[in-house]
Amino acid sequence: MSDEEDIVLSELNDDELVEQMFDDLYDGLKEEIEEGVNILLERGWAPYDILTKALVGGMTIVGHDFRDGILFVPEVLLAANAMKGGMAILKPLLAETGAPRVGKMVIGTVKGDIHDIGKNLVSMMMEGAGFEVVDIGINNPVENYLEALETEQPDILGMSALLTTTMPYMKVVIDTLVEQGKRDDYIVLVGGAPLNEEFGKAIGADAYCRDAAVAVETAKEFVSRKHNQLAG
Ligand code: B12
């Protein structure tokens, strides 16, 4: 039996458990991650803290080693899968705290890009804050966005990109909205690790949001501004 198998998660203190969850996420151990999440919940941790401290914290380490060529795609996929297992437990709990519907958002990852963890996290946090979220998934060409906007009539369009090669596609979507005279019908929020505020401005988005918490704050602010304008 290896040392790993001797570890009983519930016997670890909070700090040790979070450390162990970093290791388990790194190793793509979905069941262990789910167990860790449940233990932290039982210990009274807020779902948001589990999400940011244990899961996102662990994924940051995975990200560094992927960048440095220590981990490769198959391992990162396993880590992503483990993270999703933990997120699935937290999702309904984050949604529970939700106030009455404050607005609606269509969100999707752009064409050529299949990263969806950040987008899913934003969706969960937005739902938790009382927004209705329509998630159109990954690898979306401009037509998908247009169709969803037409059908759903949201207040907000959210676009996600994790690759430097796919982030310019956000401008394609925004330019198409401009051409069709629809740009001002929506609040456009963009996000993803390689983006920054300058890029958001340059492509004509309303705002760049560095994480899911900022996305929620920004969305609330823009929606209330929009409603005030309509009332005024
Ligand atoms: C997990 C991962 C994968 C997984 C994705 C699994 C999945 N289901 O998503 C897999 C293994 C499939 C993968 C594949 C690839 N990946 Co990858 N991946 C990552 C990794 C390690 C983590 C990304 C992640 O989930 N982070 C955690 C989440 C929570 O953070 P986030 O996405 O940034 O989201 C937050 C914010 O950005 C923001 N946000 C995000 N979206 C949105 C949207 C809106 C509207 C708003 C408001 C906010 C917002 O809020 C989120 C929550 O706080 C990153 C490393 C990194 N540092 O980002 C590389 C990384 C993004 N990948 C990279 C690469 C190169 C690839 C591949 C090309 C590898 C290959 N050779 O095949 C492929 C590309 C596939 C494709 N066509 O898309 C590079 C990109 C480099 C670059 N300059 O473009 C990175 C940076 C790693 C690296 N340093 O080399 N990857």
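Scroll up for the structure.
Computed from a predicted model, the values in this text were never measured in an experiment.

About the cut-offs
Residues numbered from 1 in each chain as written. Predicted model: local features only at pLDDT ≥ 70, side-chain atom pairs only at ≥ 80, totals over all residues. Heavy atoms only, no water. Salt bridge = Lys/Arg side-chain N within 4 Å of Asp/Glu carboxyl O. Helix = DSSP H or I, 4+ residues; strand = E, 2+ residues; numbered from the N terminus. Donors = N, O, S within 2.8 Å, 3.2 Å for Na, K, Ca; no water.

A.B. asks: Tell me what's going on with the pattern of salt bridges, and back it up with residues and numbers.
C.D. replies: Taken as a whole and judged by the stated rule, the model has 14 salt bridges. Of the charged contacts in the structure, one is a salt bridge between Asp14 and Arg43, with a shortest N-O distance of 2.7 Å. Remark: Arg43 occurs in the loop between α3 (30-42) and α4 (47-67) and Asp14 occurs in helix α2 (residues 14-26); sequence separation between them is 29 residues. When the shortest N-O distance is used, the salt bridge between Glu127 and Lys91 registers 3.9 Å. Here the residue Glu127 occupies a position in helix α6 (residues 117-128), and Lys91 occupies one in helix α5 (residues 73-96), the gap between them amounting to 36 residues. Each member of the salt-bridge network shares a partner with another, and the members are Lys104, Glu132 and Glu152.

A.B. asks: Requested: an account of the coordination of the cobalt atom of the ligand, with residues and values cited.
C.D. replies: From the protein, the cobalt atom of the ligand takes a single donor atom, His115 (NE2), 2.2 Å away. Mapped onto the elements of the fold, His115 is located in the loop between β1 (103-109) and α6.

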